[in-house]
Amino acid sequence: MSMPSTAPDEAQTAAPERLRVISVVVENKPGVLSKVSGMIRRRGFNIQGLSVGTTNRPNCSRMTITVDAGHAEVDQVEKQLDRVIEVVEIEDLTEQAKLIREMVLIKLEVQGERRREAMTLVERVGGRVIDQAPDRVLVELSGEQSGMDALLREFTPYGVLELARSGPVAMSMA
């Protein structure tokens, strides 16, 4: 069964100047993700993006959180997070030199000439075909988070069946 085409809706996205990017290094313990996200939720902020992965530190993970909030509000969240025992380090990357990347899997419904056009687009944008069948193609894209929405809009005419985004992964360049 085909799902409706799902292109990013700019009307539902926060203004870029309100989005804050926070990096939180935490101990790998059960319930830490819930504690951190719950604390942000209780402050009334919408988490726009969240990714978690291990780091080079034994028993630690890095959470990259994109929050729709102002600077002063994020300062309050940082102070509260700093009180959580499992939180090792907090850094607001918003105004720093940083690299933010995102990975996307996108399943397209394509056949015939549309398939050739879609494959040309995948090649042009540096995507990678992960799987394919006669009527569909599964593509992996990765890149700067800031350009991902525009990139995904280019795939909308090819019948987006399904879309999965990793959320932001960020690191200070300092």
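Above this text sits the structure in question.
An account of the accompanying structure is given in this report.

**A few points about the pattern of salt bridges**
Opposite charge on two side chains permits them to pair, given that their charged atoms come into close proximity.
(1) Moving on: Here the structure, examined in full by the defined rule, presents 13 salt bridges.
(2) Moving on: Linking Glu154 and Arg124 is a salt bridge whose minimum nitrogen-to-oxygen distance equals 2.2 Å. Here Arg124 lies in helix α3 (residues 112-124) and Glu154 lies in helix α4 (residues 145-155), a separation of 30 residues in the sequence.
(3) Moving on: On the basis of relative accessibility, which here comes to 57%, the residue Arg124 falls in the exposed class.

**Observations concerning the pairing of strand β3 (residues 60-68)**
(1) Moving on: Extensive coverage of β3 is indicated by the burial of seven of its nine residues.
(2) Moving on: Bridge count for strand β1 (residues 19-27) against β3 is nine bridges, and the pairing is antiparallel. Bridged to Val21 within β3 is Thr66.
(3) Moving on: Of the strand pairs in this sheet, strand β2 (residues 46-54) and β3 are connected by eight bridges, and their pairing is antiparallel. Along β3, the bridge assignment pairs Gly49 with Thr66.
(4) Moving on: Linking two consecutive strands that pair antiparallel, namely β2 and β3, is a turn of five residues; a positive phi of about 65 degrees is found at Asn59 within it.

**Describing the side chain of Thr94**
(1) Moving on: The residue Thr94 is located in the loop between β4 (87-92) and β5 (98-109) in this model.
(2) Moving on: By relative accessible area, which is 19% here, Thr94 ends up buried.
(3) Moving on: Only 3.4 Å separates the side chain of Thr94 from the side chain of Arg20, close enough to count as a polar contact.
(4) Moving on: Here Val21 takes part through its backbone nitrogen, which lies 2.8 Å from a polar atom of the side chain of Thr94.

Thresholds applied
Residues numbered from 1 in each chain as written. Predicted model: local features only at pLDDT ≥ 70, side-chain atom pairs only at ≥ 80, totals over all residues. Heavy atoms only, no water. Salt bridge = Lys/Arg side-chain N within 4 Å of Asp/Glu carboxyl O. Helix = DSSP H or I, 4+ residues; strand = E, 2+ residues; numbered from the N terminus. Buried < 20%, exposed > 50% of the residue type's maximum accessible area, 1.4 Å probe, protein only. Pairing = 2+ DSSP bridges. Polar contact = N/O pair within 3.5 Å; in protein donor to acceptor, adjacent residues only side chain to side chain.

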